[in-house]
Amino acid sequence: GQQVMQIPQYQHVQEGEDFTTYCNSSTTLSNIQWYKQRPGGHPVFLIQLVKSGEVKKQKRLTFQFGEAKKNSSLHITATQTTDVGTYFCAAISNDYKLSFGAGTTVTVRA
Amino acid sequence: EAGVAQSPRYKIIEKRQSVAFWCNPISGHATLYWYQQILGQGPKLLIQFQNNGVVDDSQLPKDRFSAERLKGVDSTLKIQPAKLEDSAVYLCASSSLGSVAFFGQGTRLTVV
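First things first, this report covers the structure right here in the doc. Throughout this description, residue numbers start from 1 for each chain and increase along the sequence as written. Chains and ligands are labelled by the order in which they are written, letters from A for the one and numbers from 1 for the other. For a predicted model such as this one, the threshold for reporting local features is a pLDDT of at least 70, and the threshold for listing and counting side-chain atom pairs is 80 or more; totals across whole chains, interfaces and linings nevertheless cover every residue. Note that water and hydrogens are dropped before the side-chain values are worked out from all heavy atoms of the structure.

## A few points about the overall build of chain B
Using the following cut-off: Here a strand is any run of E in DSSP of at least two residues, a helix any run of H or I of at least four, and the numbering for each starts at the N terminus. In this setup the radius of gyration rests on C-alpha atoms only. A globule is expected at 2.2 Å times the number of residues raised to 0.38. Type-normalised accessible area, obtained with a 1.4 Å probe on protein chains alone, sets the label of each residue: buried when under 20%, exposed when over 50%, and partly exposed for intermediate values. Only heavy atoms enter the contact rule, under which two residues are in contact if any of them lie within 4.5 Å.
Tallying secondary structure elements over chain B gives zero helices and 11 strands in all. Counting from the amino terminus, chain B carries its helices and strands in the arrangement β-β-β-β-β-β-β-β-β-β-β. In terms of overall size, chain B behaves like a compact globule, its C-alpha atoms giving a radius of gyration of 13 Å where 112 residues would be expected to give roughly 13 Å. Dimensions of chain B along its principal axes, counting C-alpha atoms only, are 35 × 25 × 25 Å. Each of the 112 residues in chain B was classed as buried or not, and the buried ones make up 48%. Here the contacts in chain B between residues at least 6 apart in sequence split such that 51% fall between residues at least 24 apart.

## Some thoughts on the interface of chain B and chain A
Inclusion rule: We count a salt bridge whenever a side-chain nitrogen from Lys or Arg sits within 4 Å of a carboxyl oxygen from Asp or Glu. Whenever a nitrogen or oxygen atom comes within 3.5 Å of another N or O atom, the pair is scored as a polar contact, on the condition that within protein one atom can donate a hydrogen and the other can accept it, and that pairs from neighbouring residues in sequence are kept only if both atoms are in side chains. Residues are sorted three ways: Asp, Glu, Lys and Arg are charged, Ala, Val, Leu, Ile, Met, Phe, Trp, Tyr, Cys and Pro are nonpolar, and all the rest, Gly among them, are polar.
Opposite the 22 residues of chain B that make contact, chain A presents 17 residues. Summed over the shared surface of chain B and chain A, the result is one salt bridge. Inspection of the chain B/chain A interface yields nine residue pairs in polar contact (both at pLDDT 80 or more). Going through the elements one at a time, strand E4 (31–37), strand E5 (44–50) and strand E6 (53–56) of chain B are the ones with two or more residues in the side of chain B that touches chain A. In terms of residue class, the side of chain B that touches chain A is built from 10 nonpolar, 11 polar and one charged.

## Observations concerning the sheet that holds strand E3 (residues 19–24) of chain B
All names here are of chain B. Quick note on the threshold: Paired strands, as defined in this entry, are two strands with at least two bridges between them according to DSSP. Geometry is summarised by axes, namely lines fitted to C-alpha atoms with helices restricted to the contacting stretch, and by angles between N-to-C directions that run from 0 to 180 degrees.
The antiparallel open sheet is built from four strands, whose spatial order is E1-E3-E8-E7. Whereas interior strands pair on both sides, the edge strands pair on one side only; in this sheet they are strand E1 (5–7) and strand E7 (65–68). For this sheet the average axis-to-axis angle between neighbouring strands, irrespective of direction, equals 15°. With three bridges connecting them, E1 and E3 associate as antiparallel partners. Within E3, the position partnered with Ser 7 by the bridge is Trp 22.

## Remarks on the sheet that holds strand E1 (residues 4–7) of chain A
Residues and elements named next belong to chain A. Overall, antiparallel pairing links the five strands, which are arranged E1-E3-E8-E7-E6 in an open sheet. Among the strands making up the open sheet, the edge pair consists of E1 and strand E6 (55–58). On average, each strand axis in the sheet is tilted by 15° relative to the strand beside it, whichever way the strands run. In this sheet, strand E8 (residues 71–76) lies alongside strand E7 (residues 61–65) in antiparallel orientation, the contact comprising five bridges. Of the residues in E8, the one forming a bridge with Gln 64 is Ser 73.

## Re the state of the cysteines
Convention followed: Cysteine sulfur atoms that come within 2.5 Å of each other are treated as a disulfide pair.
As enumerated under the stated definition, the model contains two disulfides over all chains in all. One disulfide in the model links Cys 23 of chain A with Cys 89 of chain A; its S-S distance is 2.0 Å. What sets the handedness of the Cys 23 of chain A and Cys 89 of chain A disulfide is the S-S torsion sign, and at about 80° it is right-handed. Placement of the pair is Cys 23 of chain A in strand E3 (residues 19–25) and Cys 89 of chain A in strand E9 (residues 85–92), with a sequence separation of 66 residues. Look at Cys 89 of chain A and you get buried, because its relative accessible area is 0%. Sulfur-sulfur distance for the disulfide between Cys 23 of chain B and Cys 92 of chain B comes to 1.9 Å. The sign of the -65° torsion about the S-S bond sets the Cys 23 of chain B-Cys 92 of chain B disulfide as left-handed.

## With respect to the pattern of salt bridges
Going through the model one piece at a time under the given rule, you end up with five salt bridges over all chains. Arg 60 of chain A is paired through a salt bridge with Asp 83 of chain A; the nearest N and O atoms lie 2.8 Å apart. Of this pair, Arg 60 of chain A sits in the loop between E6 and E7 while Asp 83 of chain A sits in the loop between E8 and E9, placing them 23 residues apart in sequence. Of the two residues, Arg 60 of chain A and Asp 83 of chain A, both sit in the buried class. The closest approach of N and O atoms between Arg 64 of chain B and Asp 86 of chain B, which form a salt bridge, is 2.5 Å. Remark: Asp 86 of chain B occurs in the loop between strand E8 (75–79) and strand E9 (88–95) and Arg 64 of chain B occurs in the loop between E6 and E7; sequence separation between them is 22 residues. Neither Arg 64 of chain B nor Asp 86 of chain B differs from the other in exposure class; each is buried.

Set out below in structure tokens:
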């Protein structure tokens, strides 16, 4: 199946600062999804990217799909304590197999 | 719309015992996934169903794990016998043909 690698594994951010987390694949992805998992919770869908070079925004979150469809990024501006959690990217294969990366765990210093 | 229901929420068993988890997906969702999430790691796909057929079970330890989805709706995941390394959260998710996956609250299994 398709495998995705995420970096960094941990991100410690000062409240109000920006940060970016990255998702990389060795193979071309048909599309990619991003999920957020709060501590003690379950993954919750954030966004799906399908087109090469696609950029989507959700308030302070900006998602990007690379031109070669082998990488994706999530950029958060003006980090807030509500952004705490683990962010996963997930690749979908043609038979709808959903494979998750290891995630980036975000902590915020107030 | 009701979400994905899982039970039990928590389970503690001794090694070599058996355990079963139940999942009721969102109505109409043809795809059902079972994931194992060990603390600090991403969800690992154990098995994927499309209606009542298995699409992928390549990472399911078939010597001890089994899963079924009779009638293409509810699903059960069984472990027999359990090992210490099976301690994890077992997540069930459902989707409608590759769209958004909705997850249940998960079952936290502790094997002692």
